[in-house]
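What follows is the residue order along each chain.
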Amino acid sequence: MSSVTGAVKQAFVSATQSAKLADLQRDIQDPTATDSKGYTHTTDHGVPVSDTDNWLKVSDGTGTGPSLLEDQFGREKIHRFDHERIPERVVHARGAGAHGIFKVYDDRASKYTYAPVLTDPSRTTSTFVRFSTVQGSRGSADTVRDVRGFAVKFYTDEGNWDIVGNDIPVFFIQDAIKFPDIIHAVKPEPHNEVPQGQSAHNNFWDFVGLQPESAHMVMWVMSDRGIPRSFRMMQGFGVNTYTLVNAKGERHFVKFHWIPELGVHSLMWDEALKINGQDPDFHRKDLQEAIENGAPPKWQFAIQCIPESKEHDFDFDILDATKLWPEELVPLEVIGEMELNRCVDEYFTEVEQVAFCTSHVVPGIGFSDDPLLQGRNFSYFDTQITRLGVNWEELPINRPVCPVLNNQRDGAMRHKITTGEINYWPNRKNITAPVKPEAGGYHEYAQKVAGIKQRVRGAKFQEHYNQAQLFYNSLRSYERAHLISAISFELSHCDEPIVYESYTKLLNNIDFDLAKKVAINVGGVVPERPSRSNHGQSSPTLSQLYYAPKTPTIKSRRIAIVLADGFNIAEVEGVRAALKAGGATTWIIGPRRGYVYPAGVEVGSGKGLFADHHFEGQRSTLFDAFIVPSGATHAQTLAGNGRTIHWMREAFGHCKAIGAIGEGVVFLREAAGLPGIEYATNPNSDVVVSSYGVVTVGKVDAGTIAADVLKIGQEK
Ligand code: HDD
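Residues numbered from 1 in each chain as written. Predicted model: local features only at pLDDT ≥ 70, side-chain atom pairs only at ≥ 80, totals over all residues.

(A) Fine view of the overall build of the protein chain. Check the secondary structure of the protein chain and you find 20 helices and 19 strands. Against the compact-globule benchmark of 27 Å for 716 residues, the protein chain has a radius of gyration of 29 Å, which places it among compact chains. Here the C-alpha coordinates of the protein chain stretch approximately 90 × 85 × 55 Å along the principal axes. Counting across all 716 residues of the protein chain, residues that qualify as buried make up 44%. For the protein chain, restricting intrachain contacts to residue pairs at least 6 apart in sequence, the fraction spanning at least 24 positions comes to 73%. (Helix = DSSP H or I, 4+ residues; strand = E, 2+ residues; numbered from the N terminus. Rg over C-alpha atoms; globule rule 2.2 N^0.38 Å. Buried ≥ 20, exposed ≤ 12 C-beta atoms within 10 Å, placed from the backbone. Contact = placed C-beta atoms within 7 Å.)

Shown next, in the form of structure tokens:
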């Protein structure tokens, strides 16, 4: 038996890129492999089974008699099935996860922290990330309007560190004691369990109307941030204020940020609503598809730091989770990056059983007095015991990659066998000894605390509208229009006048124009004058466009090539190659799943292009851009089909890029009739006409048009 100090030393040599994956190998079972005796199917206690289809019965051979309770095989099968489910998470029940790696670029963060995970560029730390929605249950749809969870587990050599964040930098409430109230208010109402995956109901808007500290976050959720295009295209925020301590013992307050390589992009509300029905697993599948197609999602990791001495230098309280730290006041320092490069092998044991705790930090990282964080530190640990049981930290996905040893053993479902007679400290053998801070033991920062015990909130916690206004002012005009529509949609679903009237009154504290427009839409109280002046401040960093990649990219975008028999194969091949080179995936959509035949090839010859889906099999909402090649009969077929016409109109309505060539342009112009568009009208000209995202050309060298289509998505 080694001492803990010995075990900790051993941990320092165990870090490799695949530390967690290597660890998981111990438990991965391959059902295609037979054991040494050739058994392929056994009971849970390992006995080979010969018949899993017929319960043991009394029968004379001519008919069926009663089933026998003595059938231990039948009983085990049913009994295991009856107990397959565990309680779903009380919030963030629906999620998707993936494995990844994290690295820092250099040691620049050592001025703030001595945590090796943030300062040692030679390290590659394994991570597991779970993305989620908050309101809906496990089976709800992905593209609902909601906050997205962004929870990251770092398997460091000093133990697990969890950043349990969201895609929005602020939270609804300031004090953890209000969490049950906000969650009860947003979740389905207790009398009828309605609505699912929506905040558009009386209780939510009643609560947020009476709890104005939520105003700032409500603005974020009602903005396009509430309906991301993909988990891969969201920012992530630790939200709460944590602390970092450096080798000199100095402390800084810190906020954690994730910045997506692909930029921040959203769906349109109409798209989101439709995808909820058309493909409720859209985000889950998108994550898997990107990783499997060699486009692993990446985020930069950034910190914002405030020295302890400057804690009170701001007009907001830096420990108030309903406030962000404007980047103009506290710049972001990008120190590392994370890539998600491996899908899970099994959903339940990885995504469902992964358990995060805000209280899980490693030496060099600590907490602040943020009253939301303090309560979270209690709550997460508690909830894992209900969900998974007391030994939840031993489950494969949760166990650290470094040694774990202490004097707590036993409890339901203990996995490990720890040898020896000692399970207490101090002990005569000096084993399981605590590790001194100098040797790597966690050290609590010595913080002076004095005051009167009371239920109270700080003075600066009383101001609720300045940053809600800052956010609203910072949006582009179309982002504001989306936000106004979103709040109007939600309040339209509230049927108690006191609810929508109160909220429209509250909005007037944020912006007069916003309040007026929403009130008119939903039958609220139309204000005559602002109830509060607008400070007029804005920050470009709060518009999601700010995070668009410097060079527009089509990497990992889904592009549909819509065609029928008689299409131009050279164009399709050229365009496909160009799009593939840009990192996009292309999907052939034809009249049937099967071969579609180019011009000059006999229909039915088996020498066509294989379509991935037929026109009815997918919807335009599931793609980012569209190509319609030339070809006379092909274009006529498309023009005669209501679904293909709808595809183009709907895609155009969702501001998606559409590229067309030759007769494909005629189809767009005459059959789909996209309004207000300038088209390339000369079939013999190779001049590309680009108009409202519709890119058309009469004739083209294969591949040239692709360059124009590569511009997709910059603002979406
Ligand atoms: Fe929470 C889950 C994010 C406030 C109590 N929360 C949970 C998850 C995320 C967040 C991403 C899902 C983790 C996973 O994928 O397993 N929560 C946040 C953020 C908050 C926040 C960013 C504000 C800064 N949460 C918050 C408070 C409390 C909780 C104030 C309670 C006092 N949250 C929980 C929980 C959950 C949870 C009940 C449910 C399942 C779980 O923890 O593991 O304990």
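There is more to say after this.
(B) Structural detail: the environment of Lys248. Positionally, Lys248 belongs in the loop between strand S6 (242-245) and strand S7 (251-260). According to the C-beta neighbour criterion, Lys248 is exposed, with 7 such atoms within 10 Å. Here the alpha-carbon distance between Lys248 and Lys111, two residues 137 residues apart in the chain, equals 8.8 Å.

(C) Focus on the site of the ligand. Neighbouring the ligand are 26 residues, the closest being Arg89, His92, Arg130, Gly149 and Val239. Top element by residues in the shell around the ligand is helix H11 (residues 371-388). It accounts for six residues. Tallied by class, residues from the shell around the ligand come to 13 nonpolar, ten polar and three charged. (Near = placed C-beta within 6 Å. Nonpolar A, V, L, I, M, F, W, Y, C, P; charged D, E, K, R; others polar.)

(D) Spatial organisation of unusual backbone geometry. In this model, Val194 is joined to Pro195 through a cis peptide bond whose omega is 0°. If you trace the backbone, Pro195 turns up in the loop between helix H5 (179-186) and helix H6 (202-210). The phi dihedral of Glu193 is positive, around 55°, even though this residue is not glycine. Following the sequence through the fold, Glu193 ends up in the loop between H5 and H6. On the basis of neighbour counts, which here come to 10 C-beta atoms within 10 Å, the residue Glu193 falls in the exposed class. Positive phi values are uncommon outside glycine, yet Met413 reaches one of about 60°. On the secondary structure map, Met413 appears in the loop between H11 and helix H12 (466-474).

(E) Summary view of the pairing of strand S16 (residues 625-628). What you see with S16 is no split at all: Ala625 and Ile627 on one side and Phe626 and Val628 on the other are buried throughout. Where strand S11 (residues 558-562) and S16 come together, three bridges link them in parallel fashion. By the bridge assignment for S16, Ile561 is matched with Ile627. (Pairing = 2+ DSSP bridges.)

(F) Molecular detail of helix H7 (residues 215-222). Counted residue by residue, H7 has eight buried out of eight residues, so it is predominantly covered. Every buried residue belonging to H7 is among Ala215, His216, Met217, Val218, Met219, Trp220, Val221 and Met222, and all of these are buried. Packed against the buried residues of H7 are H6, H12, helix H13 (477-492) and helix H14 (497-507).

(G) Region of interest: the sheet that holds strand S12 (residues 585-590). Spatially, S15-S12-S11-S16-S17-S19-S18 is the arrangement adopted by the seven strands of the open sheet, whose pairing is mixed. Both outer strands of the open sheet, strand S15 (613-614) and strand S18 (689-691), are each paired with one neighbouring strand and no more. Strand contacts of helix H19 (residues 663-672): S16, strand S17 (657-661) and strand S19 (694-697), with the helix running at about 125° to S17, the strand carrying the most contacts. (Axes fitted to C-alpha atoms, helices over the stretch in contact; angles between N-to-C directions.)

(H) Layout of the environment of Ala93. Inspection of the secondary structure assignment puts Ala93 in the loop between helix H3 (72-82) and strand S1 (94-104). Taking C-alpha positions, Ala93 is 7.8 Å from Gln135, a pair spaced 42 residues apart along the chain. For Ala93, the residues in contact, after removing those within four places along its chain, are Glu88, Gly136, Ser137 and Arg138.

(I) Molecular detail of the pairing of strand S4 (residues 159-166). Here S4 lies mainly inside the structure; eight of its eight residues are buried. Alignment of strand S3 (residues 148-156) against S4, held across eight bridges, turns out to be antiparallel. Bridge pairing in S4 links Phe150 to Gly165. What sits between the antiparallel neighbours S3 and S4 is a turn of two residues.

(J) Inspection of the domain arrangement of the protein chain at higher detail. Partitioning the protein chain into domains gives domain 1 (94-394), domain 2 (466-547) and domain 3 (558-709). A C-alpha centroid distance of 40 Å is found between domain 2 and domain 3. (Domains from an automatic or database assignment.)

(K) Quick look at the nonpolar core. Ranked by internal contacts, the top residues of the largest apolar core, which has 111 residues, are Met219 and Val518. Viewed by domain, this core spans two of them, domain 1 (94-394) and domain 2 (466-547), each represented by three or more residues. Those residues in contact with Val518 that lie beyond four places of it in its chain are Ile484, Ile487, Ser488, Leu491, Thr504, Leu507 and Gly524. Core analysis: the second largest hydrophobic core is formed by 44 residues, Ile554, Ile627, Ala651 and Ala660 among them. (Core = buried A, V, L, I, M, F, W, Y, C linked by C-beta atoms within 7 Å.)

(L) Molecular detail of the packing of helix H18 (residues 642-653) against H19. Axis separation between H18 and H19 bottoms out at 10 Å; the angle between their running directions is 90°. By the criterion of interaxial angle, the relationship of H18 to H19 is roughly perpendicular. On the side of H18, the interface is formed by Ile645, Met648 and Arg649, while H19 contributes Leu668, Ala671 and Ala672. Residues belonging to the contact of H18 with H19 are distributed by class as follows: five nonpolar, no polar and one charged. (Parallel < 35°, antiparallel > 145°, perpendicular 65-115°, else oblique.)

(M) Spotlight on the packing of H13 against helix H15 (residues 512-522). Viewed as axis vectors pointing N to C, H13 and H15 meet at an angle of 40°, and their least axial separation amounts to 9 Å. By the angle between their axes, H13 is oblique relative to H15. Relative to H15, the crossing made by H13 is right-handed. Along its contact with H13, which presents Ile484, Ile487, Ser488, Leu491 and Ser492, the element H15 presents Leu514, Lys517, Val518, Asn521 and Val522. (Left-handed = near helix turned anticlockwise from the far one by under 90°.)

(N) The arrangement of the confidence of the model for the protein chain in detail. Across the protein chain, pLDDT averages 94, with 95% of residues at or above 70. Counting contacts from residues 1-16, a segment whose pLDDT is below 50, to residues more than four positions away or on other chains yields 29 contacts. Here residues 712-716 scores under 50 on pLDDT; set against residues more than four positions off or in separate chains, the count is 15 contacts. With a pTM of 0.95, the predicted complex shows an ipTM of 0.99. (pLDDT = per-residue confidence, 0-100.)

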